[in-house]
Amino acid sequence: MAAGDPLRLTFLGTGTSFGVPVIGCRCAVCTSKDPRDRRTRHAALLSWDDGRSVLIDTPPELRLQLIREGVERVDAVWYTHLHADHLHGIDDLRIFSLRSRRSVDAYASEDARAVLRRRFDYIFNPSIRPGQASSKPQICLRTLRAGQIRRIAGADFLPLEAVHGSLRVLGFRLGVLGYLTDAKELPGETFAALRGVDILVLNALWWGSPHPTHLNVEEAVETARQIGARQTYLTHLTHRVPHAELDAQLPGWISPAYDGLRIELPDGEP
């Protein structure tokens, strides 16, 4: 990304794998009238004024998220990891390859690429052809390696690893932005790479009881404090945290994100 290129981050989905409202739940958050308490599964969009965009994950609600935000172009996809709530809207990429008449670049770790090929054989096996008057997504898989800068849609992304149970997820640093979701622990190299970010995105499930594979709110606040970003946004939130209540209880330099939130990022490289 050249210095001075305007960049914005749009939170497409800020919920966990159940989403909010949760099916069959009548709790205060699931029945809330506050639109910020409606959380679809995790996704975000990075976009530039010249039309370029990079999608982070493809959750089951992807089509609805993109329509809601008026998104007409996706140049590349960054997969943090392959849990269903981050992946199973992959077929919605089909419209972008159809319109552009070229493949959409999808970036994932080497291990994740192998899983993608198995799980979505109909997409990645060239011998499987769609029927007459039908189509399938055209996706070109590309490899991410933690610590190795990757140029995507004209911008330099630094992949950063986080521990998510037995998995390693890949967040990134892009200029003054650090982005991590579904993290439980951050390796020392990731902490070091995030020093100096202005805007940080972190996952946080709820207040209180620790979770084995995700940060809770207290852990996310402490992690953000150690990194020292000017502003941190929490995503991947459950129905146990009402938006307004969480916002009031957090330090002023941390805010809960919500579906549709747009952030204009400071210009320039770190």
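The rules behind each value
- Residues numbered from 1 in each chain as written.
- Predicted model: local features only at pLDDT ≥ 70, side-chain atom pairs only at ≥ 80, totals over all residues.
- Heavy atoms only, no water.
- Pairing = 2+ DSSP bridges.
- Helix = DSSP H or I, 4+ residues; strand = E, 2+ residues; numbered from the N terminus.
- Axes fitted to C-alpha atoms, helices over the stretch in contact; angles between N-to-C directions.
- Contact = heavy atoms within 4.5 Å.
- Buried < 20%, exposed > 50% of the residue type's maximum accessible area, 1.4 Å probe, protein only.
- Polar contact = N/O pair within 3.5 Å; in protein donor to acceptor, adjacent residues only side chain to side chain.
- Arc of directions from axis to C-beta.
- Phe/Tyr/Trp six-rings, centres within 6.5 Å; stacked < 30°, edge-to-face > 60°.
- Lys NZ or Arg CZ within 6 Å of the ring centre and 35° of its normal.

> Explain the sheet that holds strand β4 (residues 76-78) to me, please; I cannot follow it from the model alone.
Sheets are built from strands paired through backbone hydrogen bonds, the pairs being either parallel or antiparallel. The strand order across the open sheet formed by 7 strands is β6-β5-β4-β3-β2-β1-β14, and the pairing between neighbours is mixed. Each end of this open sheet is capped by a strand with a single partner; those strands are β6 (139-144) and β14 (262-265). Along the sheet, successive strands turn relative to each other by an average axial angle of 25 degrees, direction set aside. Taken together, the 3 bridges between β4 and strand β5 (residues 104-109) define a ladder with parallel strand orientation. Each residue of the ladder has a partner; that of Val-77, found in β5, is Ala-106. Where helix α4 (residues 110-119) meets the sheet, its contacts fall on β5 and β6, and the angle it forms with β5 comes to roughly 120 degrees.

> How do you make sense of the environment of Leu-45 when you look at a structure like this?
Within the element layout of this structure, Leu-45 appears in strand β2 (residues 43-48). Residue Leu-45 is classed as buried on the basis of its relative accessible area of 5%. C-alpha of Leu-45 to C-alpha of Val-71: the two residues are 26 residues apart in sequence and 9.2 Å apart in space.

> Mind showing me how you'd approach the side chain of Arg-39 here?
Residue position: Arg-39 is located in the loop between β1 (7-13) and β2. Side-chain polar atoms of Arg-39 contact the backbone oxygen of Thr-238, separated by 2.5 Å. Of the polar contacts made by the side chain of Arg-39, one reaches the backbone oxygen of Val-241; its length is 2.8 Å. Once residues within four sequence positions are removed from consideration, Arg-39 is found in contact with Thr-14, Gly-15, Gly-19, Val-20, Val-29, Leu-237, Thr-238, His-239, Val-241, Pro-242, His-243 and Asp-259.

> Whenever I open this one, helix α7 (residues 217-227) confuses me. Can you help?
Because each turn of an α-helix spans 3.6 residues, side chains separated by three or four positions end up pointing in the same direction. Here α7 has its buried residues at Val-217, Ala-220, Val-221, Thr-223, Ala-224 and Ile-227. For α7, the arc enclosing every buried residue in end-on projection is 165 degrees, short of the 170-degree limit, so these residues lie on one face. Its buried side turned inward, α7 meets α6 (188-194), β11 (199-203), β12 (231-235), α8 (243-249) and β13 (254-256). The N-cap residue of α7 is Asn-216: its side-chain oxygen and the backbone nitrogen of Glu-218 are 3.2 Å apart. Directly beyond the C-terminal end of α7, a positive phi value near 85 degrees is found at Gly-228.

> For this particular structure, what's the right way to read the packing of aromatic side chains?
Evaluated as defined, the whole model comprises 5 aromatic pairs. Between Phe-11 and Tyr-233 the ring centres are 6.1 Å apart and the planes differ by 50 degrees, which places this aromatic pair in the tilted class. Here Phe-11 is found in strand β1, whereas its partner Tyr-233 is found in strand β12, with 222 residues between them in sequence. The class for Tyr-233 is buried, based on a relative accessible area of 14%. Members of the aromatic cluster, connected to one another through ring pairs, are Trp-78, Phe-157, Phe-172 and Tyr-179. In this arrangement the basic side chain of Arg-52 is found over the ring face of Trp-48, its NZ or CZ atom lying 4.6 Å from the centre.

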